[in-house]
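Commentary on secondary and tertiary structure
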Amino acid sequence: MKITWYGTASILLESEGERLLFDPFVELTGASNPNSLEDFLQETDICITHGHVDHLFFIPEILEQADATVFATRAVMNTLEGWVEDASCLVEVAPGYSWRQGNMRITVLKGKHTSFCVKTIFRKLLSPRLFRYFRNALFLAWAHPRFPEKGETAAYQIEAEGKRILLLGSMELDPGTAYPENVDLLILPYQGKENMAKAAMEIVERLKPARILLDHFDDAFPPVSEEVDTRPFKKLMDERHPEIKVVKPRAGKPVTL
């Protein structure tokens with residue numbers, strides 16, 4: 001099984017000829033991993049974790065140019081109404097929904113979006129990067145209210161080739177959901193907390209995965225995003241859980257599971 005990260009939270013899974021894409025996003029000007037819409041146009045099955053702009057904005061444009069099916073929650077469907085002409089390519093999912101795609105079984109779990117820290121918000125608003133990437137800031141100010149999360153963040157469990165993958169949509173777990181433990185791979189968005197290492201470790205202690213692949217740690221939409229230092233988490237993992245491998249992928253380079 002191959003996992004390719006395309007920047008932000010964009011993940012492509014490949015297993016025995018089947019391909020499944022999550023949260024495709026074309027990074028904005030000045031981003032650390034510039035990509036293009038063409039990176040996603042060959043995919044036919046797309047899963048969305050939640051409706052924020054950096055997970056959903058380019059779906060209408062992708063659907064204009066590609067024959068793809070999009071799986072997402074009701075909140076995402078509501079956002080896409082008016083943006084997508086042909087709704088027949090949209091499949092609404094909810095926690096507990098499961099389907100097969102070739103040898104892969106995909107199951108939707110209830111997720112939770114991390115809460116934005118007031119300190120973090122003010123730090124970004126006062127950053128000189130706001131003026132450097134002012135056009136990006138104007139776009140994000142326009143897009144953010146039009147692409148709300150609405151309390152619906154999904155996680156996805158993927159089973160294929162005798163392995164289990166748990167992909168989270170944000171660095172938070174729903175306290176009432178029984179997530180699979182000891183999965184072969186946890187795909188963990190490393191963004192959104194002031195103390196990232198501590199928050200990530202809490203998730204690791206609860207789920208006890210065999211391996212972790214980080215995503216969403218890059219500066220994908222400056223000035224709101226930023227490059228997150230993953231080394232404190234790696235150091236903490238080496239101290240507490242040296243048996244669990246932490247992978248920080250390079251954009252566009254497949255990782256084999």
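Here, the structure is the one placed above.
An account of the accompanying structure is given in this report. Just so you know, these numbers come straight off a predicted model, no measurement behind them.

Procedures and definitions
- Residues numbered from 1 in each chain as written.
- Predicted model: local features only at pLDDT ≥ 70, side-chain atom pairs only at ≥ 80, totals over all residues.
- Heavy atoms only, no water.
- Helix = DSSP H or I, 4+ residues; strand = E, 2+ residues; numbered from the N terminus.
- Rg over C-alpha atoms; globule rule 2.2 N^0.38 Å.
- Buried < 20%, exposed > 50% of the residue type's maximum accessible area, 1.4 Å probe, protein only.
- Contact = heavy atoms within 4.5 Å.
- Pairing = 2+ DSSP bridges.
- Salt bridge = Lys/Arg side-chain N within 4 Å of Asp/Glu carboxyl O.
- Core = buried A, V, L, I, M, F, W, Y, C linked by side-chain atoms within 4.5 Å.
- Axes fitted to C-alpha atoms, helices over the stretch in contact; angles between N-to-C directions.

Next up on the list: the overall build of the chain. A tally of regular secondary structure across the chain gives 8 helices and 14 strands. Taking 18 Å as the expected radius of gyration for a compact globule of 257 residues, we find that the chain reaches 17 Å, a close match to that expectation. Projected onto the principal axes, the alpha-carbon positions of the chain cover approximately 45 × 45 × 35 Å. Counting the 257 residues in the chain, one finds 56% classified as buried. Considering only residue pairs separated by 6 or more positions, the chain has 66% of its internal contacts joining residues 24 or more positions apart.

Relative to strand β5 (residues 69–72), strand β4 (residues 45–47) runs parallel, the two sharing 3 bridges. Along β5, the bridge assignment pairs Ile46 with Val70. Here β5 runs beside strand β6 (residues 90–92); their pairing, made up of 3 bridges, is parallel. Looking across to β6, one finds that Phe71 is bridged to Val91.

Inspection of the entire model under this criterion finds 9 salt bridges. With its nearest N and O atoms 3.0 Å apart, the salt bridge here joins Glu172 to Lys193. Of this pair, Glu172 sits in the loop between β10 (163–167) and β11 (185–189) while Lys193 is found in the loop between β11 and α7 (196–207), placing the two residues 21 residues apart along the sequence. Assessed through its relative accessible area of 28%, Lys193 is described here as partly exposed. A salt bridge links Arg231 to Asp229; its shortest N-O distance comes to 2.9 Å.

This brings us to the nonpolar core. With 54 residues, the main nonpolar core has Tyr156, Tyr190, Ile212 and Phe233 as its most contacted residues. Top element by residues in this core is α7. It accounts for 8 residues. Excluding residues within four positions of it along the chain, Tyr190 makes contact with Met171, Met196, Ala197, Ala200, Leu214, Asp215, His216, Phe217, Val228, Asp229, Thr230 and Phe233. Ranked by size, the runner-up nonpolar core spans 33 residues in total, among them Val53, Phe57, Val70 and Phe147.

Turning our attention to the sheet that holds β4. A sheet is described by the order of its strands in space; here 7 strands give the open sequence β6-β5-β4-β3-β2-β1-β14, paired in mixed fashion. A single partner strand is all that each edge strand has here, and the edge strands are β6 and β14 (255–256).

Position of Glu243 relative to the elements: it lies in the loop between α8 (231–240) and β13 (245–247). Relative accessible area serves as the criterion here: at 56%, Glu243 is assigned to the exposed category. Remark: the alpha-carbon pair of Glu243 and Ala210, spanning 33 residues in sequence, is separated by 7.8 Å.

So, on to the pairing of strand β8 (residues 104–110). Of all 7 residues that make up β8, 5 are buried, and the element is covered over most of its length. Pairing analysis gives 4 bridges linking strand β7 (residues 98–101) to β8, with the strands arranged antiparallel. Note that in β8 the partner of Arg100 across the bridge is Arg105. Here β8 runs beside strand β9 (residues 154–160); their pairing, made up of 6 bridges, is antiparallel. In the sheet register, Arg105 faces β9, and the bridge partner there is Glu159.

Before going further, it helps to examine the sheet that holds β9. Read across the sheet, 7 strands follow the order β7-β8-β9-β10-β11-β12-β13 without closing on themselves; strand pairing throughout is mixed. On the outer flanks of this sheet lie β7 and β13, each paired with one strand and no other. Mean inter-strand twist for the sheet, computed between neighbouring axes without regard to direction, equals 20°. Bridge analysis of β10 against β11 gives 3 bridges, and the strand direction is parallel. Its bridge partner lying in β11, Ile165 is registered against Leu185. Of the strands in this sheet, β10, β11 and β12 (211–215) touch α7, which is tilted by about 155° from β11.

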